[in-house]
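For reference, the chains in residue letters:
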Amino acid sequence: QVQLVESGGGLVQPGGSLRLTCAASGFSASSYTMRWYRQAPGKERELVAGITSTDGSTSYGDSVKGRFTISRDNAKNTVYLQMNSLKPEDTAMYYCRARRGLLNYWGQGTQVTVSS
C-alpha cells in the first residue's frame, strides 16, 4: 500500500525550529521528486520546497528561502524539512507530495503552529 506519513509538527515559539519528516512506504521515494507544501486556513496551498530524484537539486518558495532546508535519505525512504527561524506566518498544515510522471501521492499532513 502506497503511503506518505508526515510527522514532526507541533507548537513552537517564534524564532524556534522544527524538523518535519515524510516517511514513504509501498514505493521507492528515491525515484520521485519530493515536495513539501503548506496550507493555512483560508489560503491556497503553497509550495514550500522540493528536491529532485535525479541529482538532488533543491528549490524553495521565496517566503522560506534561507530558513528552510529540504533533504532526503534514500536508505530510509524518507524526506525531511528542517525549519529554522520560524515565524507566525509559517503556521499551516504541512503536506508531503511524491510525483513521478503521472504518479502522484500526498500525505495527510502535519500541523505546525508558531506562536508565543
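See the structure above.
Below: a short report on this structure. Every chain is numbered on its own, with residues counted from 1 as its sequence reads. Given that the model is predicted, a residue must reach a pLDDT of at least 70 before its local features are reported, and side-chain atom pairs must reach 80 or more before they are shown or counted; all residues, however, enter totals for whole chains, interfaces and linings. Excluded from the side-chain calculations are hydrogens and water; all other atoms, namely the structure's heavy atoms, are used.

### Here we look at the state of the cysteines
Put simply, the rule is: To count as a disulfide, a pair of cysteine sulfur atoms needs to be within 2.5 Å. By definition, any uninterrupted DSSP run of H or I lasting at least four residues is a helix, any uninterrupted run of E lasting at least two residues is a strand, and each is numbered from the N terminus. Only protein chains enter the accessibility calculation, which uses a 1.4 Å probe; a residue is then buried when its area is under 20% of its type maximum, exposed when over 50%, and partly exposed in between.
Applying the stated criterion across every chain yields a total of one disulfide. Two residues share a disulfide in this structure: Cys22 and Cys96, whose sulfurs sit 2.1 Å from each other. Here Cys22 and Cys96 share a disulfide; its torsion about the S-S bond, -80°, makes the bridge left-handed. Note that Cys22 is positioned in strand E3 (residues 18-25) and Cys96 in strand E9 (residues 92-100), a separation of 74 residues in sequence. A single burial state applies to Cys22 and to Cys96, both of which are buried.

### Here we look at the side chain of Asp90
Definition in use: Nitrogen and oxygen atoms within 3.5 Å of one another constitute a polar contact, given that in protein one can donate a hydrogen and the other can accept it, and given that sequence-neighbouring residues count only through two side-chain atoms. Between two residues, a contact is recorded if the distance between any of their heavy atoms is within 4.5 Å.
Within the element layout of this structure, Asp90 appears in the loop between strand E8 (78-83) and E9. You can call Asp90 buried: its relative accessible area is 0%. At 2.7 Å, the side chain of Asp90 and the side chain of Arg67 are in polar contact. Look past the residues within four positions of Asp90 in its chain and what remains in contact with it is Arg38, Arg67, Phe68, Ser85, Val112 and Val114.

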